[in-house]
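# Report on the structure
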Amino acid sequence: MKQVKPSFIGAKTLCALALMGAFSAQAQAQSSVTIYGRVVAGVDFQTNAGTNGQGSKWSAANNQWGTSMIGFKGTEDLGGGNNAFFLIESGFNSTKGALNGTDTSNNALFNRRSYVGLSSATAGSIKFGKNLFINNDIWYLDPTGQQAIGTVTLVNGRNWPGASNIIEYNSPDMAGFTVNLQTSLGEKAGSFNGGNSNSAAGGNSDGRKDGISVAYQKNGLELRAIYDVIRDSNGDYTNVWSHSKELILGGTYKIDKLKMFVGYENLRAPNAAAGAPSRANQYWIGANYDVTSQLQLVASWFHVNANNASVSSSGVGNGGGTANLYMAGVNYFLSKRTLLYVDVGTVRNGTGAGHVLENGADNGVSGLKQTGGYFGIAHSF
């Protein structure tokens with residue numbers, strides 16, 4: 001049988017198709033989009049709950065151990081070690097199926113993060129949009145992993161806010177050192193440090209926010225310093241628990257199965273009203289111990305001391321005074337994605353202080369003593 005050779009045109013066509021396929025495969029390899037998230041739910045119990053600190057309360061637990069969230073993130077390889085990226089993320093209440101943000105804009109579609117940026121292997125990255133505020137880097141220093149009973153409790157949520165209108169720079173690793181810079185623009189005409197009413201996003205009245213986070217990590221040791229400011233809508237520092245200057249210092253050290261934590265936080269509000277607290281200091285120590293690859297133990301102690309403690313004739317404190325918080329927990333990993341958690345704690349307030357056990361504002365009950373905890377399931381995907 002006579003062999004038939006392919007024509008010149010047919011050969012060109014086959015070659016073109018092969019090249020198209022190669023470029024298509026390369027393009028797919030250069031960009032990616034990932035869906036990720038976590039669902040946390042369980043049961044919560046507290047003594048001396050309510051406005052007057054009376055009565056016990058059982059309730060559903062959703063974000064006490066960690067935030068339930070869903071997000072989308074993507075990267076595109078631009079060549080030469082450069083990338084474009086985006087991330088959009090929303091926190092929600094798993095027991096109600098409702099949106100639940102990290103600040104007052106709980107009804108925002110992406111209430112935790114929504115940013116886009118560029119990164120370079122040698123120059124670092126820059127991002128624009130919405131993110132958690134830079135002092136959330138306290139997560140690295142919190143032995144509880146920023147649970148509702150943790151570093152956030154005795155400062156009434158001051159070190160756990162979100163930030164809109166951000167410009168953020170993250171440096172590359174420089175012999176173990178990294179530097180993060182962030183500003184949240186106030187968007188108020190006539191004042192560089194002015195406020196942002198942001199009514200469309202849920203009424204966030206915070207003004208401009210700025211911060212820096214510097215870290216050093218090597219051989220199991222991590223040291224971190226964070227400094228930030230949150231102004232009110234007039235550009236002032238009027239509330240030590242919400243609009244103030246903040247300094248956080250701390251470190252961790254991991255030896256085999258044991259990881260130790262120590263931290264210090266200073267808050268200052270020089271424009272606070274007369275008689276209200278204008279300074280506060282929080283200290284903490286803690287540890288995580290991996291008994292096995294599945295079982296982890298958590299323990300921590302927190303102390304806060306705020307000036308200008310006073311109590312009204314009705315027994316209501318003004319947010320000053322001292323308080324101690326004790327926490328212990330167990331994490332049991334059923335798999336890499338699913339764990340069971342049990343955490344208990346107690347808060348002991350001195351005269352003038354009325355901090356609640358779990359993340360929330362001071363309820364004003366001077367000398368409040370509250371005990372409780374939560375248990376449940378967390379599944380990541």
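Before any of the text, the structure's been laid out above.
Residues numbered from 1 in each chain as written. Predicted model: local features only at pLDDT ≥ 70, side-chain atom pairs only at ≥ 80, totals over all residues. Heavy atoms only, no water.

With that out of the way, let us pick up the overall build of the protein chain. A count of helices and strands for the protein chain gives 1 helix and 18 strands. By the burial criterion, 45% of the 381 residues in the protein chain qualify as buried. A separation threshold of at least 6 residues defines the contact pool for the protein chain, and within that pool the share at least 24 residues apart is 57%. Counting only carbon and sulfur atoms, one obtains 60% of the accessible surface of the protein chain, whose full area is about 18500 Å². (Helix = DSSP H or I, 4+ residues; strand = E, 2+ residues; numbered from the N terminus. Buried < 20%, exposed > 50% of the residue type's maximum accessible area, 1.4 Å probe, protein only. Contact = heavy atoms within 4.5 Å. Areas by Shrake-Rupley, 256 points an atom, 1.4 Å probe, with all protein chains shown as cover.)

Further remarks concern the environment of G207. Positionally, G207 belongs in the loop between β9 (177–184) and β10 (209–218). Separated by 29 residues in the primary sequence, G207 and D236 have C-alpha atoms spaced 8.6 Å apart.

Another aspect to go through is the pairing of strand β4 (residues 82–93). By the bridge criterion, 11 bridges tie strand β3 (residues 68–79) to β4 in an arrangement that is antiparallel. Bridge pairing in β4 links G74 to F86. Here β3 folds back onto β4, and the loop between the two strands holds 2 residues, one of which, G80, carries a positive phi near 65°. Here β4 pairs with strand β5 (residues 98–99) via 2 bridges, running antiparallel. Bridge pairing in β5 places F92 opposite L99. Linking β4 back to β5 in an antiparallel pair, the connection comprises 4 residues, with G97 at a positive phi of about 70°. (Pairing = 2+ DSSP bridges.)

Let's shift gears to the packing of aromatic side chains. Under the definition given, this model contains 8 aromatic pairs. Summarising the aromatic geometry, the rings of F45 and W58 are spaced 4.6 Å apart at their centres and angled 40° between planes, so their arrangement reads as tilted. Taken together, the residues F45 in strand β1 (residues 31–46) and W58 in strand β2 (residues 57–61) connect sequence positions 13 residues apart. Of the residues examined, F45 reaches a relative accessible area of 24% and is grouped as partly exposed. Ring centres of F177 and Y216 lie 4.7 Å apart, and the angle between their planes is 45°; on these two criteria the pair is classed as tilted. (Phe/Tyr/Trp six-rings, centres within 6.5 Å; stacked < 30°, edge-to-face > 60°.)

Counting residues in hydrophobic clusters, the biggest one holds 31 residues, and the most contacted among them are W65, L154, W241, L325 and Y374. Mapped by element, the contributors of at least two residues to this core are β14 (279–290), β15 (295–306), β16 (321–333), β17 (338–349) and β18 (369–380). Setting aside anything within four residues of it in sequence, one finds W65 in contact with R38, V40, Q147, N331, L339, Y341, D343, Y374 and A378. (Core = buried A, V, L, I, M, F, W, Y, C linked by side-chain atoms within 4.5 Å.)

Now for the side chain of D44. Position of D44 among the secondary structure elements: in strand β1. A polar atom in the side chain of D44 sits 3.2 Å from the side chain of Q46. In terms of polar contacts, D44 uses its side chain to reach the side chain of Q64, at 3.5 Å. (Polar contact = N/O pair within 3.5 Å; in protein donor to acceptor, adjacent residues only side chain to side chain.)

Here we take up the pattern of salt bridges. Applying the stated criterion across every chain yields a total of 9 salt bridges. As a salt-bridge pair, D210 and R208 come within 3.1 Å of each other at their nearest N and O atoms. Each member of the pair, D210 together with R208, is buried. Taken together, the salt bridges that share partners define one network made up of E89, R112 and R113. (Salt bridge = Lys/Arg side-chain N within 4 Å of Asp/Glu carboxyl O.)

The space that makes up the largest pocket amounts to roughly 1400 Å³. Across the lining of the largest pocket, the residue classes break down as 14 nonpolar, 17 polar and 13 charged. (1 Å grid on protein atoms, 1.4 Å probe; cavity = no way out; pocket = protein on both sides within 12 Å on 5 of 7 lines; lining within 4 Å. Points joined across faces, edges and corners; volume = space filled by probe spheres on them. Nonpolar A, V, L, I, M, F, W, Y, C, P; charged D, E, K, R; others polar.)

By secondary structure assignment, the location of N307 is in the loop between β15 and β16. Once the C-alpha coordinates of N307 and R279 are considered, the two residues, 28 residues apart in sequence, prove to be 5.9 Å apart. Once residues lying within four places of it in the same chain are set aside, the contact partners of N307 are P277, S278, R279, G320 and G321. Within the structure, N307 has its side chain in polar contact with the backbone nitrogen of S278 (distance 2.9 Å). Looking at N307, its side chain comes within polar contact range of the main-chain nitrogen of R279, at 3.1 Å.

The pairing of β4 with strand β6 (residues 113–120) spans 8 bridges and is antiparallel. Note that in β6 the partner of F86 across the bridge is V116. Here β6 folds back onto strand β7 (residues 124–132) in antiparallel fashion, the turn holding 3 residues.

Right, let's talk about the side chain of D210 for a bit. Tracing the backbone through its elements, the reader meets D210 in strand β10. For D210, a relative accessible area of 17% corresponds to the buried category. A distance of 2.5 Å separates the side chain of D210 from the side chain of T183, its partner in a polar contact. Only 2.9 Å separates the side chain of D210 from the side chain of R231, close enough to count as a polar contact. Apart from residues lying up to four places away in sequence, D210 is in contact with F133, Q182, T183, Y227, D228, V229 and R231.

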